[in-house]
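# Structural overview for review
Below, each chain spelled out in residue letters.
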Amino acid sequence: MFSRIRHLFALAITLGISVCCAVTTNLNAEETDSGSSNTSISGVLRYEADSKRPWRFGRYYIKGKEKHLAEAVVELIPASEDNEFPKETDRESKTYLMDQENFMFVPETLAVQLGDKVRFKNSEEAFHNVMCLDDKPPFNVNLAKGQEHVHEPKVADGTKKPLDIRCVFHGSMKGWLFVVPHRHFKLTDASGAFQFNGFPPGKYQLRVAHPAGELFLETKPRQIEPGSSVEWNLTLTPDHLKQQKK
Amino acid sequence: MNPQNPSTQTSDTQDPLNLNRRQAIKRSLQWAGVGMTLPGSAWAAFERQGPDEELVPFDGAPRAVPNRLDWEMLNDWITPQDQVFNVQHYGLPEFDASKFELTIDGLVGKPMKLSMDDIRALPKTEQPMTLECSGNGASKGFMNAIYNSKWGGTPLASLLEKCELDSKAIEVVFYGKDTKEEVLRPGTNRELKIEVPYGRSMTLEDAMNLPLLLAYERNGAPMEYRNGAPLRLIVPGWYGVANVKWLTRIELRDRRYMGRYMARDYVTVRGERRDNEDVTFVETSVTRMNLKSIIARVTRRPTQNGNVPLRAYGAAWGDGTKLDRVEVKLNNGKWQRAQWDESIPQEKYCWKFFWIDLGDVKPGEHTIVSRAIDTNGRIQPSADDDEIALKKTYWEAYQQWPRKIVLES
């Protein structure tokens, strides 16, 4: 059964995908040598619903009148070989918490950089478990109230595929752990906002994944000039729901 | 449909899914404004809910998940496939569906071996039924494992009669294609490992008197593999565990079958209070569904004079015993009688929907709970009642389920 669950989020890259986005570019007058110190991309994720193609879980993630999309992961993707992100050495590892409360993983979705750790904790009376068969090695640990399990994920497929996190005792408990091999990613909050700084200028794509909706979007490549501040807003629609794809 | 004359429909009757299309269209238009229209059958769930009603989320309830009923979004009396739960105990069996056969043997004069083509050639009947997992509602961690379907297939009783039942037969055992190694008395010097098929049983009397179905369709379409295709036993009024998937053998026996899922698992252990107040524990196999109801959703209208007009919707079901009424209580108030939703089919083995106006309520925290009452006078118990409080296993979780909301002004 778990093998079926594990593949809920199959990759569906569609280059040239129709993206309802407003893209504006503000080029700074001053450019630095490297161009990376003040080059930035910022934007807001929105979800435009269609009553004929409902996303029933959208009620948890679509926020406010502006329909901001929360709990989505946005990743900056180099679109040419000459602007691959440099490997980060000597980076201080961070530890993130994924708690178990009210028969849910909290947060349900977490995005970490490769090398970071996740602290799984059970904060309620019910006896829980945390299991992930996607990572190498997989893990499967029982957690009584107050117990923790710290894990450093090794499989880093970024927004292509999160690690499925489950509790074997409670099938409705689900979590998703995105492990990104670089630092240019953002888990959105209720504002739907994201921002990337400190990357070298070049050609980039944005990739968006929302595991609860099996939403997936990959933009066309875009040239980011040195020192520019690019506003890159994205609107997802039911076209980006996996269940709508044929 | 007449609630006094429910249960099965033969295939030459009018297809219920083609009825009442106007209601469905109306319902779709109502939801269109909030982006929740779903394609489905003709019967809108919670038909009375108007476009001016806003859902009040339940406080402290886990989020809805795929493959579980989503009460707050359900808009069809027939449950959409993406809200249908699946449980299997011995995994998903691998087999060649084109060579699938059903064997009927044991204490019969004429054993049978039937291909799916043979079964499809038999008289076809449709059986509407609400199927609930007996663990549904045992905790917040296992909620909404229930769905309503119209199963299509051939009745079992007439087929058994054709097999010429031996007079010594008292038990009918149903085996699935799924098998697993079971370990008895593990860790002892009498440990025994045996490879067994998934099995459930019932008395011959039950098998002949309940409208059992050998089903190969769900909602007019071929059944999905994970739902038990190509052939599934459908047992109206019994918990999901009795509805054996991938049904491949039916055996008539002269003694009770004691397979794991009859005699070791899915056994309810319950304390029963005797006259002298001593508690005696009794173990019974999980079979018939219990009387149950739940508040499915709560809606509000705009605040008027500082108070919020509040309405609750819900569902009730059981083992086929006729439901008399549902009562709803707000906080510590009196039980109030809810209204049945008469716009949906009133089928014997299917859930019924209800609604109730709870009046103008002050903003703040509130608790709403329902209880179903059948025509025998049986009342759905609360968690504090002995039959629930003294139950030591989680199956048969039919206690009242209080729902909390926080009303904003």
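Residues numbered from 1 in each chain as written. Chains lettered and ligands numbered in written order. Predicted model: local features only at pLDDT ≥ 70, side-chain atom pairs only at ≥ 80, totals over all residues.

## Things to note about the overall build of chain A
Of regular secondary structure, chain A possesses two helices and 21 strands. Looking at chain A as a whole, 37% of its 246 residues are labelled buried. Counting only contacts in chain A whose residues sit at least 6 apart along the sequence, the fraction spanning at least 24 positions is 69%. (Helix = DSSP H or I, 4+ residues; strand = E, 2+ residues; numbered from the N terminus. Buried ≥ 20, exposed ≤ 12 C-beta atoms within 10 Å, placed from the backbone. Contact = placed C-beta atoms within 7 Å.)

## What about the sheet that holds strand 6 (residues 95–101) of chain A?
All names here are of chain A. An order of 7-6-9-12 is seen for the four strands of this open sheet, with the pairing classed as mixed. Each edge of the open sheet is held by one strand with a lone partner, namely strand 7 (104–106) and strand 12 (148–151). Neighbour to neighbour, the strand axes of the sheet diverge by 20 degrees on average, direction disregarded. In this sheet, strand 9 (residues 117–122) lies alongside strand 6 in parallel orientation, the contact comprising six bridges. Within strand 9, the position partnered with Thr95 by the bridge is Lys117. (Pairing = 2+ DSSP bridges. Axes fitted to C-alpha atoms, helices over the stretch in contact; angles between N-to-C directions.)

## Topic: unusual backbone geometry
Of note, the amide linkage connecting Lys136(A) to Pro137(A) takes the cis form, showing an omega dihedral of 0 degrees. For Pro137(A), the position within the fold is in the loop between strand 10 (128–132) and strand 11 (139–143). Between Ala229(B) and the following residue, Pro230(B), the backbone shows a cis peptide bond with an omega angle of 10 degrees. Among the structural elements, Pro230(B) can be located in the loop between strand 10 (221–222) and strand 11 (232–234). In this structure, Asp90(A) takes a positive phi of about 60 degrees despite not being glycine. The topology assignment puts Asp90(A) in the loop between strand 5 (73–78) and strand 6.

## Details of the interface of chain A and chain B
Taken together, the 17 residues of chain A in the interface contact 19 residues of chain B. No other element matches the four residues that strand 14 (residues 170–180) of chain A contributes to the side of chain A that touches chain B. Within the side of chain A that touches chain B, the residues separate by chemical class into nine nonpolar, four polar and four charged. (Nonpolar A, V, L, I, M, F, W, Y, C, P; charged D, E, K, R; others polar.)

## What to know about the environment of Pro51(B)
Considering the arrangement of structural elements, one finds Pro51(B) in the loop between helix 1 (21–32) and strand 2 (54–56). For the pair Pro51(B) and Lys113(B), spaced 62 residues apart in the sequence, the C-alpha separation amounts to 54 Å.

## Topic: the domain arrangement of chain B
All names here are of chain B. By the assigned domains, chain B splits into domain 1 (50–67 + 287–407) and domain 2 (90–270). Taking only C-alpha atoms into account, the centre of domain 1 sits 31 Å from that of domain 2. Taken together, the contact pairs 22 residues of domain 1 with 21 residues of domain 2. Of the residues assigned to the side of domain 1 that touches domain 2, the class counts are 12 nonpolar, three polar and seven charged. (Domains from an automatic or database assignment.)

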